[in-house]
Amino acid sequence: MELIRSISQLRPQHHQCVATIGNFDGVHRGHQTVIQQVKTESLELDLPATVIVFEPQPQEFFAPDKAPTRLTRLREKLLAFQRYGVDRVLCLRFDKKLSSLEPDDFIQQILIDGLGVKHLVVGDDFHFGKKRGGNYQTLQAAAKQHQFKIEKQRTFIIDGERVSSTRIRHALAQGNMQLANELLGRPYMLSGRVSYGQQRGRTINFPTANIFLHRHKSPLKGVFAVKVHGLGHRPITGVANLGTRPTINGTQLLLETHLFDFNQVIYGKYIEVEFISKIRDEQKFDSFELLKQQIELDAQAARHLFSSSRNYLSQVE
């Protein structure tokens, strides 16, 4: 999969494609349906399946304090695109210049001159250009003028409700991993490189793999039973705390994962942490000793959960 980081990087070989535009936060089952629409048409026309995204996302540019919590960072989004068969991603820097483009200029500069789009898939509520002045009807008129096809995305419904990033955030905030995973079409994960922490966990025999999330907000917080991918052929089970560590007056968002029956040095390794089940909310303890006692209980709860799951699967088999 090819990543194109700006309009200026577009070359003649990028001309002509089947494309879609959006934030694609989470790359959930609704997004996957759109990508499948694009992929199907791209195979029929023998053209690259292209996704156009914005970085930062428009809401983050206009109102950073009010913007919804991201489900996926750009790297995680790109990995998902690759998994679902996208050929190219055009990542446009959303800034004052781009946000000031009139809808017709956006169409001309990006869709026509830049990509030479032959088939476009968007939602019927899609808005773009200066003050969100462009919409599906604008694109329909442009498609007729510039001779490309336009298609509405298919709405994906689960349990009578549309699948959306907002609905997934709500499920994660409630610790409902089963619903979140169903809406995503895959387990919810956070990823990053293992960094050096304060190594407090080692002093209480609970060393952790620490990932600084480099974000102000997280769609979920608390203590979870987890599986860690990227350290071998099989995932490693463990227990993780995602939060700011109020017991030591922490302020930075951190994912700390204690891996069960594992003692390798993994600093600098890129790992993915899969959230299996929420154990409890993050809380502040009056002493480090009380925190240690609670971590022991959390680890027992996580081990019990994984043991129960294995026993159930063995009975089914």
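Refer to the preceding data block for the structure.
Residues numbered from 1 in each chain as written. Predicted model: local features only at pLDDT ≥ 70, side-chain atom pairs only at ≥ 80, totals over all residues. Heavy atoms only, no water.

Novice: Please provide a residue-by-residue account of the packing of helix 5 (residues 103-114) against helix 6 (residues 136-146), values included.
Specialist: With their axes 11 Å apart at the nearest point, helix 5 and helix 6 run at an angle of 50° to one another. Considering the angle they form, helix 5 stands oblique to helix 6. Once helix 5 is placed against helix 6, the crossing between them reads as right-handed. Only Thr138, Leu139, Ala142 and His146 of helix 6 make contact with helix 5, whose side of the interface consists of Pro103, Asp104, Ile107, Gln108, Leu111 and Ile112. (Axes fitted to C-alpha atoms, helices over the stretch in contact; angles between N-to-C directions. Helix = DSSP H or I, 4+ residues; strand = E, 2+ residues; numbered from the N terminus. Parallel < 35°, antiparallel > 145°, perpendicular 65-115°, else oblique. Left-handed = near helix turned anticlockwise from the far one by under 90°. Contact = heavy atoms within 4.5 Å.)

Novice: Please set out the environment of Phe262 residue by residue, giving values where relevant.
Specialist: Along the chain, Phe262 turns up in the loop between strand 13 (254-259) and strand 14 (270-280). Residue Phe262 is classed as buried on the basis of its relative accessible area, which comes to 19%. Those residues in contact with Phe262, other than ones at most four positions away along the chain, are Leu231 and Ile236. (Buried < 20%, exposed > 50% of the residue type's maximum accessible area, 1.4 Å probe, protein only.)

Novice: I'd like a description of the sheet that holds strand 4 (residues 88-93), backed by residues and values.
Specialist: Spatial strand order, 1-4-3-2-5-6: 6 strands in an open sheet with parallel pairing. Each edge of the open sheet is held by one strand with a lone partner, namely strand 1 (2-4) and strand 6 (149-152). Pairwise comparison of adjacent strand axes, ignoring direction, gives a mean angle of 25° for this sheet. With 6 bridges connecting them, strand 3 (residues 49-55) and strand 4 associate as parallel partners. Note that in strand 4 the partner of Glu55 across the bridge is Arg93. Here helix 1 (residues 29-45) sits on the sheet and contacts strand 2 (17-21), strand 3, strand 5 (117-122) and strand 6; the angle it forms with strand 2, its principal contact strand, is near 170°. Helix 6 rests against strand 5 and strand 6 of the sheet, and its axis sits at about 155° to strand 6. (Pairing = 2+ DSSP bridges.)

Novice: Now, about the nonpolar core: what can you tell me, with residues and values included?
Specialist: Counting residues in each nonpolar core, the largest one holds 32 residues, and the members touching the most others are Tyr188, Leu220, Leu255 and Phe275. Counting only elements with at least two residues in this core, the list comes to helix 7 (165-173), helix 8 (177-184), strand 10 (209-212), strand 11 (222-229), strand 12 (236-243), strand 13 and strand 14. Leaving out residues up to four positions away in the same chain, Phe275 has contacts with Met177, Asn181, Tyr188, Met189, Leu190, Leu220, Phe224, Ala225, Val226, Leu242 and Leu255. (Core = buried A, V, L, I, M, F, W, Y, C linked by side-chain atoms within 4.5 Å.)

Novice: Please set out the packing of helix 7 against helix 8 residue by residue, giving values where relevant.
Specialist: Running from N to C, helix 7 and helix 8 point in directions that differ by 155°, and their axes come no closer than 8 Å. Put simply, helix 7 runs roughly antiparallel to helix 8. Of the two possible hands of crossing, helix 7 and helix 8 adopt the one that is left-handed. Residues Arg167, Ile168, Ala171 and Leu172 of helix 7 form the contact with helix 8, whose participating residues are Met177, Leu179, Ala180, Leu183 and Leu184. For the contact of helix 7 with helix 8, the class distribution of residues is 8 nonpolar, no polar and 1 charged. (Nonpolar A, V, L, I, M, F, W, Y, C, P; charged D, E, K, R; others polar.)

Novice: I'd like a description of the sheet that holds strand 13, backed by residues and values.
Specialist: The sheet built from 6 strands is open, its strands ordered 9-14-11-12-13-10 with antiparallel pairing. The open sheet has two edge strands, strand 9 (189-193) and strand 10, and neither has a second partner. Each strand of the sheet is rotated relative to its neighbour by a mean of 35°, with strand direction disregarded. Across 4 bridges, the pairing between strand 10 and strand 13 is antiparallel.

Novice: Please provide a residue-by-residue account of the packing of aromatic side chains, values included.
Specialist: In the structure shown here, the tally under the stated rule is 9 aromatic pairs. Here Phe61 and Phe94 contribute two aromatic rings whose centre-to-centre distance is 5.5 Å and whose plane-to-plane angle is 75°, an arrangement assigned as edge-to-face. Here the residue Phe61 occupies a position in helix 2 (residues 58-62), and Phe94 occupies one in the loop between strand 4 and helix 4 (96-99), the gap between them amounting to 33 residues. Assessed through its relative accessible area of 32%, Phe61 is described here as partly exposed. Judged by its relative accessible area of 10%, Phe94 falls in the buried class. On the basis of an interplanar angle of 75° and a centroid distance of 5.6 Å, the ring pair of Phe62 and Phe94 is categorised as edge-to-face. One end of the pair, Phe62, is in helix 2; the other, Phe94, is in the loop between strand 4 and helix 4, and 32 residues separate them in sequence. Note on Phe62: relative accessible area 56%, which makes it exposed. Through a chain of ring-to-ring contacts, the aromatic side chains of Phe54, Phe61, Phe62 and Phe94 assemble into a single cluster. Between the NZ or CZ atom of Arg75 and the centre of the ring of Tyr270, over which it lies, the distance is 3.8 Å. The positively charged end of Arg303 is found above the aromatic ring belonging to Phe260, 4.1 Å away from the centroid. (Phe/Tyr/Trp six-rings, centres within 6.5 Å; stacked < 30°, edge-to-face > 60°. Lys NZ or Arg CZ within 6 Å of the ring centre and 35° of its normal.)

Novice: Just give me the short version of the pattern of salt bridges, but keep the residues and values in it.
Specialist: As enumerated under the stated definition, the model contains 10 salt bridges in all. One salt bridge in this structure joins Lys278 and Asp281, with 2.6 Å as the shortest N-O distance. Taking relative accessible area as the criterion, Lys278 reaches 23% and is therefore assigned partly exposed. Linked through salt bridges whose partners overlap, the residues forming this network are Glu55, Glu60 and Arg70. (Salt bridge = Lys/Arg side-chain N within 4 Å of Asp/Glu carboxyl O.)

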